[in-house]
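Structural overview
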Amino acid sequence: AQSVAQPEDQVNVAEGNPLTVKCTYSVSGNPYLFWYVQYPNRGLQFLLKYITGDNLVKGSYGFEAEFNKSQTSFHLKKPSALVSDSALYFCAVRPPESGAGSYQLTFGKGTKLSVIP
Amino acid sequence: GAGVSQSPSNKVTEKGKDVELRCDPISGHTALYWYRQRLGQGLEFLIYFQGNSAPDKSGLPSDRFSAERTGESVSTLTIQRTQQEDSAVYLCASSLGRRETQYFGPGTRLLVL
């Protein structure tokens, strides 16, 4: 069974500084990896995904994520944080193979990002 | 185009009552998913619909939970004899196909008193 760990419940960063939100995963085979963001009282918004190819994936709002197979990690990054980036961030994984459950996303528990002005 | 919509946005009910939650997927999306998000937790998969295939109900927590989907359109999630432990945000997502990116609705916040 696949699993996702987001080791930090909360990350605080000053506006303008780079930010990193950590994610590690466990899945059989090569994973499909996703990041979603959730603003208060809103649904999840898709940020980016890794399927194959370049390990550095660029997504919405200036976010990017780096896939590291040896470390089974998919950390979310942004070079310069904005106050408006403050939200709850979820990492998710899906196994690539066909078959039962291969479409199910398994989510981490989320990391609350606070960008301090 | 329009995103995934869900109704109601909030629902307060009494323990033991039945509730029905609705999801309108993005037009043309054949796959539809329901997830549950408890306070401070990640999302738990509940059920998956793909076209006319039999749904995958493996995530439903009990037989009080059921869901239907009419063709490739609206889906309803029904919870019978609600319990306080059912209080959560119920999120619906849809995708072009089973292996495509899932796009989420705003969710229904359910509170069982």
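Residues numbered from 1 in each chain as written. Chains lettered and ligands numbered in written order. Predicted model: local features only at pLDDT ≥ 70, side-chain atom pairs only at ≥ 80, totals over all residues. Heavy atoms only, no water.

A count of helices and strands for chain A gives 0 helices and 12 strands. Along chain A, from the amino end to the carboxyl end, the secondary structure elements read β-β-β-β-β-β-β-β-β-β-β-β. Taking 117 residues into account, the globule formula puts the C-alpha radius of gyration at 13 Å, and chain A, at 14 Å, falls close to it. With the C-alpha coordinates of chain A rotated into their principal frame, the extents come out at 45 × 30 × 25 Å. Across the 117 residues in chain A, those meeting the buried criterion constitute 49%. By sequence separation, contacts in chain A at least 24 residues apart represent 57% of the contacts at least 6 residues apart. Surface exposure of chain A reaches about 5,500 Å², of which carbon and sulfur atoms provide 49%. (Helix = DSSP H or I, 4+ residues; strand = E, 2+ residues; numbered from the N terminus. Rg over C-alpha atoms; globule rule 2.2 N^0.38 Å. Buried < 20%, exposed > 50% of the residue type's maximum accessible area, 1.4 Å probe, protein only. Contact = heavy atoms within 4.5 Å. Areas by Shrake-Rupley, 256 points an atom, 1.4 Å probe, with all protein chains shown as cover.)

Turning our eyes to something else, we now look at the pattern of salt bridges. Residues and elements named next belong to chain B. Summed over all chains, the structure comprises 7 salt bridges over all chains. Residue Glu 14 pairs with Lys 17 through a salt bridge whose shortest N-O separation is 3.7 Å. You can call Lys 17 partly exposed: its relative accessible area is 44%. We note a salt bridge from Glu 44 to Arg 36, for which the minimum N-O separation is 3.4 Å. (Salt bridge = Lys/Arg side-chain N within 4 Å of Asp/Glu carboxyl O.)

Take the pairing of strand β6 (residues 65–69) of chain B next. Taking every second residue as pointing to the same face, the buried face of β6(B) carries Phe65(B), Ala67(B) and Arg69(B), while none of Ser66(B) and Glu68(B) on the other face is buried. The turn linking β6(B) back onto strand β7 (residues 75–79) of chain B is made up of 5 residues, and Gly71(B) within it adopts a positive phi angle of 55°. (Pairing = 2+ DSSP bridges.)

Counted by the stated rule, this structure contains 2 disulfides over all chains. With a sulfur-sulfur separation of 2.0 Å, Cys23(A) is cross-linked through a disulfide to Cys91(A). Note on the Cys23(A) and Cys91(A) pair: the S-S dihedral is about -65°, so by sign convention the disulfide is left-handed. On the criterion of sequence distance, the pair formed by Cys23(A) in the loop between β3 (19–21) and β4 (24–26) and Cys91(A) in strand β10 (residues 87–94) is long-range, its members being 68 residues apart. We note that Cys23(A), like Cys91(A), is buried. Bridging Cys23(B) to Cys92(B), the disulfide has an S-S length of 1.9 Å. (Disulfide = S-S within 2.5 Å.)

Moving on to the interface of chain A and chain B. Chain A puts 24 residues into the contact, and the matching count from chain B is 22 residues. Of the roughly 1,800 Å² buried between chain A and chain B, counting both surfaces, carbon and sulfur atoms make up 45%. Joining chain A to chain B, the criterion identifies 0 salt bridges. Joining chain A to chain B, the criterion identifies 4 residue pairs in polar contact (both at pLDDT 80 or more). Counting residues per element, the side of chain A that touches chain B draws most heavily on strand β5 (residues 32–38) of chain A, which supplies 4 residues. Residues belonging to the side of chain A that touches chain B are distributed by class as follows: 10 nonpolar, 9 polar and 5 charged. (Buried area = accessible area lost by both parts, 1.4 Å probe. Polar contact = N/O pair within 3.5 Å; in protein donor to acceptor, adjacent residues only side chain to side chain. Nonpolar A, V, L, I, M, F, W, Y, C, P; charged D, E, K, R; others polar.)

Residue and element names in this part refer to chain B. Taken together, 4 strands build an open sheet; the order of strands is β1-β3-β7-β6 and the sheet is antiparallel. Unpaired on one side and paired on the other, β1 (5–7) and β6 mark the two borders of the sheet. The average angle at which neighbouring strand axes cross in this sheet is 15°, direction not considered. With 3 bridges joining them, β1 and strand β3 (residues 19–24) adopt antiparallel strand pairing. (Axes fitted to C-alpha atoms, helices over the stretch in contact; angles between N-to-C directions.)

All names here are of chain A. Its place among the elements puts Glu 66 in strand β8 (residues 64–68). As for Glu 66 and Leu 56, which are separated by 10 residues in sequence, their C-alpha atoms are 4.5 Å apart. Not counting residues up to four positions away in its chain, the partners in contact with Glu 66 are Asn 55, Leu 56, Ser 73, Phe 74, His 75 and Lys 77.

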